[in-house]
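# Fold and contact review
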Amino acid sequence: MSAQKNKPSRPSRSQGQPRAWQRMLSGRRLDLLDPSPLDVEIDDIAHGLARVARWNGQTEGDHAFTVAEHCVLVDDICARLRPGWPAKWRLAALLHDAPEYVIGDMISPFKAALGIDYKAFEHRLAAAIHMRFGLPAEIPQAVEDLIKRADRASAFFEATQIAGFSDAEAAEIFGRPRELTPFQLEPLSTKQAQARFLARFHQLSDALSDDK
């Protein structure tokens, strides 16, 4: 667990108000309505993402394809699309779905149905996560665009390999990836997915420190 485990979190909201925080295994209490970077721990993120299934669990294999594994795949795709991309932007790619360690992985049609309030909530949490790990709260649009492109490519590979979509159906919904040879996906166990995510985080975080 993180070295921060025994450090106190910020006080909870006053009595009488609905509870708006979640206790993490690190001991942190993350305020969901006003998230602080001080209450974000990478061990909590890795633990949560390795237990959240993509595609609502409707995938082939002995294990779910987790958000933790998806995040590593998106970073892999970004690195292939932009060789030599700075470590800080690859870290942003790895963390692009990090808010899901708290809110889970909702499929895109349901996110659209929930509307702008959900998007604002997700955005605040993403900003806190970025600041916790030395990234700008708002990343440049060109970086965001490449991460979204990699995310859609990942969705195409996942859809056609493990989620039961035909090639034509996936191409219509997600677009056919350009400039990429297919990645061969293998859903990992929770423990393996968590370890792979953490290893990639530390690799990129160390590279980011070296660049400063």
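A brief report on the enclosed structure follows. Residue positions are given per chain, counted from 1 along the sequence in the order it is written. Selection of residues for local features in this predicted model requires a pLDDT of at least 70, selection of side-chain atom pairs for listing and counting requires 80 or more, and totals for whole chains, interfaces and linings are taken over all residues. In computing side-chain properties, one takes all heavy atoms of the structure into account and sets aside hydrogens as well as water.

## Brief notes about the pattern of salt bridges
What counts as a salt bridge is simple: a side-chain nitrogen of Lys or Arg found within 4 Å of a carboxyl oxygen of Asp or Glu. Here the structure, examined in full by the defined rule, presents nine salt bridges. With its nearest N and O atoms 2.9 Å apart, the salt bridge here joins Glu158 to Arg54. One end of the pair, Glu158, is in helix H7 (residues 141-161); the other, Arg54, is in the loop between helix H1 (42-49) and helix H2 (67-81), and 104 residues separate them in sequence. Neither residue differs from the other here; Glu158 and Arg54 are each classed as buried. The salt bridge partner of Arg149 is Glu179, with a shortest N-O separation of 3.6 Å. Of this pair, Arg149 sits in helix H7 while Glu179 is found in the loop between helix H8 (167-174) and helix H9 (190-211), placing the two residues 30 residues apart along the sequence. For the purposes of this entry, the term helix denotes a DSSP run of H or I that reaches at least four residues, the term strand denotes a run of E that reaches at least two, and both are numbered from the N terminus. Exposure categories follow from relative accessible area, calculated using a 1.4 Å probe and restricted to protein chains: below 20% of the type maximum is buried, above 50% is exposed, and the middle band is partly exposed.

## Overview of unusual backbone geometry
A positive phi angle, close to 60°, is found at Trp55, a residue other than glycine. Position of Trp55 among the secondary structure elements: in the loop between H1 and H2.

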